[in-house]
Amino acid sequence: MREKETVLRLNNFSLTYKTQKGPLQAVRNVSFELKEGETLAIVGESGCGKSSLARGILRLFPRNLEKVSGEIYMDGQEVLSMKEEDFRKNVRWTKISMVFQGAMNSLNPILKTIQQISEPLIIHMGMDKISAYNRAKELLSLVGIPESFAERYPFELSGGMKQRVVIAMALVTHPKVVILDEPTSALDVITQANIMNLLKLLKKELNLSYIFITHDIATASELADNIAVMYAGEIVEISPSEVFYSKPAHGYTMMLLDSVPTLKTTKKLKSIPGSPPSLINPPTGCRFHPRCQYVMDICKKKEPPMFQKGENHYAKCYIGESHE
Amino acid sequence: MNNSILLKIENLKVWFEIRKNILTPPMYVKAVDGISFDLKKGESISLVGESGSGKTTLGRTILRLYEPTDGNIIFEDKDITKLDFKSLSWYRKETGFIQQDPFGALAPHFTIYKILEEPLLINKIGTPAERRDMILKALEEVKLTPVSDFIGKYPHMLSGGQMQRVVIARALIMRPKLVIADEPVSMLDASVRIEILDLLRDLQEKHHMSMIYITHDLATVRAFTNWIFIMYAGNLVERAKTEELIENPLHPYTKALLEAIPDPDPENRRRMRKVPEGEPPNLINPPTGCRFHPRCQYVMDICKEAIPEDIEVEKEHWVRCWLYSKG
Ligand SMILES: Nc1ncnc2c1ncn2[C@@H]1O[C@H](COP(=O)(O)OP(=O)(O)OP(=O)(O)O)[C@@H](O)[C@H]1O
Ligand SMILES: Nc1ncnc2c1ncn2[C@@H]1O[C@H](COP(=O)(O)OP(=O)(O)OP(=O)(O)O)[C@@H](O)[C@H]1O
Ligand SMILES: [Mg+2]
Ligand SMILES: [Mg+2]
């Protein structure tokens, strides 16, 4: 069998915003690799930097950006240092695209479905209207929107249909990698299950790679080959999903799994005590130590390195490591 | 505990008029179509249902942000169905709304501090120093800490979940008697979800608040509300106490809903999830008879013809489904 190619690789990617109270580092030294046809789920609590990371990969920075550093390789080519002009022409939307958090609620209310889907082609790729419409029509059937919905406005669509429109918009430019930022968190479970089925199908059919951002551990398992856990701007654990659910290695991951509700069990859910850390003045040592039930002395003093915990399994945590 | 009824909803209908153009006769989106229930003081209901089933419309109408088309809304024995904007100001104080989409809920040019101060100013509450205390406390309650990192921020500088918490803080700062929370935690991770739901429940118990909690997350509501109501296409198809509904679901739609909830399992990615196919029904021309019949695997002839009655199959367990009708 042919080795799967690496389509996206991040190396020490960091992102800092300017704020009134000083610099806020939303993403810190993030590194990972994404292979063709594979899905990396990124899970983590609200405010830990998931959307910042996602938008950062597409080089969509807010005006109060203070600093961005590290490397992003698309198909082997470094693209973070590329000229914006070239990035816009050759990378953003064409190689890697994104379904934004909350996008289904911010569809342009005066555009019909078909216009909505062809818009990225016209705006980002300068395609003429007729070719764009034809391409958009192909997308309708691909994402399961009945043709009769092409002429409808967003207010005439159900939540599930709107989410299909948004997915179609992300695919219309033929990207290889699609970032999905909380694509189903606003949908009911049945619609959510339908959308997850669609994403599975599309992935197989188009050999897509996904970065699937979610706070929902159960939903992550619907797509993920690998799972990265983010805490306070950092990836603190990354592992194949089989390992993630059965052998978590980081204190945060362990506690996160204890807070996941399932319908079938009536286990008492435990929330993680304490509050998310400040990203302006993060805790010393391990950033999770003030909330960790397994905390040791060293955790407060020394930032843990990324330890290898198993095959393709890494965690920034001293649990189970020998140290002085 | 006082068992009196806070809110009584009687045969409530909310139809939206739409016209393709001025020559054609109007059509109606029957978003809420004949809903009745009681909510007691201090009790809470989870309202669960598919996207587009009318949950938000029902919630907004109860708060009189929308006009009801028909039926009655009785709050503490006062009929508020037809009160005009001016006569409603007392009602606004007694009710709080946590709205569904936090991205559009917060004024973009206000700081978080201003956003929370606004309802206090409008209702002329406290001295500046007292208001400051209330605001800081409200932010702590929803865990936007350290509070000083947040009060000077503008909404666009917050993550989705952080915005959601500001919306919650704002809705609760007036200590209303009735809170309608429309998907208040959809963007939060399980741990914070539990915390905020715990918080909502604690505040609810402490201040004897009643709550209608709109969600699609059946897995989390288990421990948080007294009742679960299942909504489908503008109707309540099943109502029961929380445990009873989860342990003993009756309506085929409720059963499908429970089956669609994923459990964390790495095998999930290798299989398709079994779910009822098809779209939620068109609410302009809803299916005849039971509105779920086109997607129901137990469909019988009668389901296509006649609307099932609301029957109390067991004590405090109502369902609208021909499978349970004695006829
Ligand atoms: N433009 C900005 N200026 C200052 N701070 C920002 C800005 N955008 C985001 N932040 C902060 O950066 C942190 C990370 O935000 P981000 O939106 O990436 O979180 P997230 O993990 O996507 O959270 P959620 O799950 O709630 O969507 C948060 O603390 C947020 O308040
Ligand atoms: N102002 C309006 N004019 C016309 N139709 C409307 C209006 N508001 C809502 N609707 C329609 O009424 C129906 C119910 O909508 P509602 O927003 O109440 O559903 P919901 O259950 O809250 O859905 P979701 O879970 O997606 O939030 C939908 O078909 C919707 O398109
Ligand atoms: Mg986000
Ligand atoms: Mg709604």
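Residues numbered from 1 in each chain as written. Chains lettered and ligands numbered in written order. Predicted model: local features only at pLDDT ≥ 70, side-chain atom pairs only at ≥ 80, totals over all residues. Heavy atoms only, no water.

Caption draft 1: The arrangement of the coordination of the magnesium ion (ligand 3) in detail. Surrounding the magnesium ion (ligand 3) are the protein donor atoms S51 of chain A (OG) and Q101 of chain A (OE1), at 2.0 to 2.3 Å. Of this pair, S51 of chain A sits in helix α1 (residues 50-57) while Q101 of chain A sits in the loop between β6 (96-99) and α3 (113-125), and the two are 50 residues apart along the sequence. (Donors = N, O, S within 2.8 Å, 3.2 Å for Na, K, Ca; no water. Helix = DSSP H or I, 4+ residues; strand = E, 2+ residues; numbered from the N terminus.)

Caption draft 2: Molecular detail of the interface of chain A and chain B. Taken together, the contact pairs 59 residues of chain A with 57 residues of chain B. A combined buried area of about 4,800 Å² lies between chain A and chain B, and 56% of that area is made up of carbon and sulfur atoms. Three residues stand out in chain A for area buried against chain B, namely V189, I190 and L263 of chain A, and they jointly supply 15% of the buried area on that side. A salt bridge links E242 of chain A to R270 of chain B; the shortest N-O distance between them is 2.8 Å. Our count for the contact surface shared by chain A and chain B stands at 15 residue pairs in polar contact (both at pLDDT 80 or more). Elements supplying a minimum of two residues to the side of chain A that touches chain B: α5 (159-171), α6 (189-206), α7 (217-220) and α8 (241-246) of chain A. For the side of chain A that touches chain B, the leading source of residues is α6 of chain A, giving nine residues. Here the side of chain A that touches chain B is built from residues that sort into 21 nonpolar, 28 polar and 10 charged. (Contact = heavy atoms within 4.5 Å. Buried area = accessible area lost by both parts, 1.4 Å probe. Salt bridge = Lys/Arg side-chain N within 4 Å of Asp/Glu carboxyl O. Polar contact = N/O pair within 3.5 Å; in protein donor to acceptor, adjacent residues only side chain to side chain. Nonpolar A, V, L, I, M, F, W, Y, C, P; charged D, E, K, R; others polar.)

Caption draft 3: Representation of the sheet that holds strand β9 (residues 227-232) of chain B in the model. Residues and elements named next belong to chain B. Strand order in this open sheet of eight strands is β6-β7-β8-β3-β9-β10-β12-β11, and the pairing throughout is mixed. Whereas interior strands pair on both sides, the edge strands pair on one side only; in this sheet they are β6 (95-98) and β11 (311-314). With strand direction ignored, the average angle separating the axes of adjacent strands in the sheet is 20°. Bridging between β11 and strand β12 (residues 317-319) involves three bridges; their strand directions are antiparallel. Looking at β12, one finds that I311 is bridged to V319. (Pairing = 2+ DSSP bridges. Axes fitted to C-alpha atoms, helices over the stretch in contact; angles between N-to-C directions.)

Caption draft 4: Fine view of the packing of aromatic side chains. Applying the stated criterion to the full structure yields 17 aromatic pairs over all chains. Note on Y252 of chain A and F288 of chain A: the rings are 5.0 Å apart at their centroids and 65° apart in plane angle, and the pair reads as edge-to-face. Separated by 36 residues along the polypeptide, Y252 of chain A in helix α9 (residues 251-258) and F288 of chain A in the loop between α9 and α10 (297-301) bring together distant segments of the chain. Aromatic side chains F75 of chain B and Y91 of chain B sit 5.1 Å apart centroid to centroid with 80° between the ring planes, which places their arrangement in the edge-to-face category. One end of the pair, F75 of chain B, is in strand β4 (residues 70-75); the other, Y91 of chain B, is in helix α2 (residues 89-94), with 16 residues separating them in the sequence. Each residue in the set F37, W227, F229 and W318 of chain B is aromatic and connected to the rest through ring pairs, giving one cluster. (Phe/Tyr/Trp six-rings, centres within 6.5 Å; stacked < 30°, edge-to-face > 60°.)

Caption draft 5: Representation of the site of ligand 1 within the structure. Taken together, 23 residues sit near ligand 1, with S46, G47, S52 and N64 of chain A together with Q162 of chain B positioned nearest. Chains contributing residues to the immediate surroundings of ligand 1 are chains A and B. Between an oxygen atom of ligand 1 and a side-chain N or O atom of Q101 of chain A, the distance comes to 3.0 Å. M157 of chain B has a polar backbone atom sitting 3.0 Å from an oxygen atom of ligand 1. Taking 640 Å² as the accessible area of ligand 1 by itself, protein coverage stands at 94%. For the shell around ligand 1, the elements supplying multiple residues, two or more each, are β2 (24-35) and α1 of chain A together with α7 (160-172) of chain B. Tallied by class, residues from the shell around ligand 1 come to eight nonpolar, 12 polar and three charged. (Near = heavy atom within 4 Å. Areas by Shrake-Rupley, 256 points an atom, 1.4 Å probe, with all protein chains shown as cover.)

Caption draft 6: Representation of the site of ligand 2 within the structure. Around ligand 2 lies a shell of 14 residues, among which S51, G52, T56, T57 and Q100 of chain B are the nearest. At ligand 2, the nearby residues belong to more than one chain, namely chains A and B. In the model, an oxygen atom of ligand 2 is placed 2.7 Å from a nitrogen or oxygen of the G52 of chain B main chain. Here T56 of chain B contributes a side-chain N or O atom positioned 2.6 Å from an oxygen atom of ligand 2. Listed by contribution, the elements that provide at least two residues to the shell around ligand 2 are β2 (27-40) and α1 (55-62) of chain B. Per-element tally for the shell around ligand 2: the top contributor is α1 of chain B, with three residues. Along the lines of polarity and charge, the residues of the shell around ligand 2 split into five nonpolar, seven polar and two charged.

Caption draft 7: A look at unusual backbone geometry. Along the chain, T145 of chain B connects to P146 of chain B via a cis peptide bond; the corresponding omega equals -10°. Summarising the element assignment, P146 of chain B is placed in the loop between α5 (128-141) and α6 (147-150). The phi angle at E182 of chain A is positive, at roughly 50°, despite the residue not being glycine. Looking at where E182 of chain A falls in the secondary structure, it is placed in the loop between β7 (177-181) and α6. What makes E182 of chain A buried here is its relative accessible area of 8%. Of note, the phi angle at A232 of chain A is positive, near 45°, even though the residue is not glycine. If you trace the backbone, A232 of chain A turns up in the loop between β9 (226-231) and β10 (234-240). (Buried < 20%, exposed > 50% of the residue type's maximum accessible area, 1.4 Å probe, protein only.)

Caption draft 8: Spotlight on the pairing of β9 of chain B. Residues and elements named next belong to chain B. Most of β9 sits out of view: six of its six residues are buried. Residues W227, F229 and M231 line one face of β9 and the alternating positions I228, I230 and Y232 line the opposite face, and both faces are buried. Strand direction decides the pairing type here: strand β3 (residues 44-49) and β9, joined by five bridges, are parallel. Within the sheet, the bridge partner assigned to L47 lies in β9 and is F229. For β9 and strand β10 (residues 235-241), the ladder comprises six bridges, and the chain directions are antiparallel. Bridge pairing in β10 places I230 opposite E238. Where β9 folds back onto β10 in an antiparallel hairpin, the turn is made up of two residues, including A233, whose phi is positive at roughly 45°.

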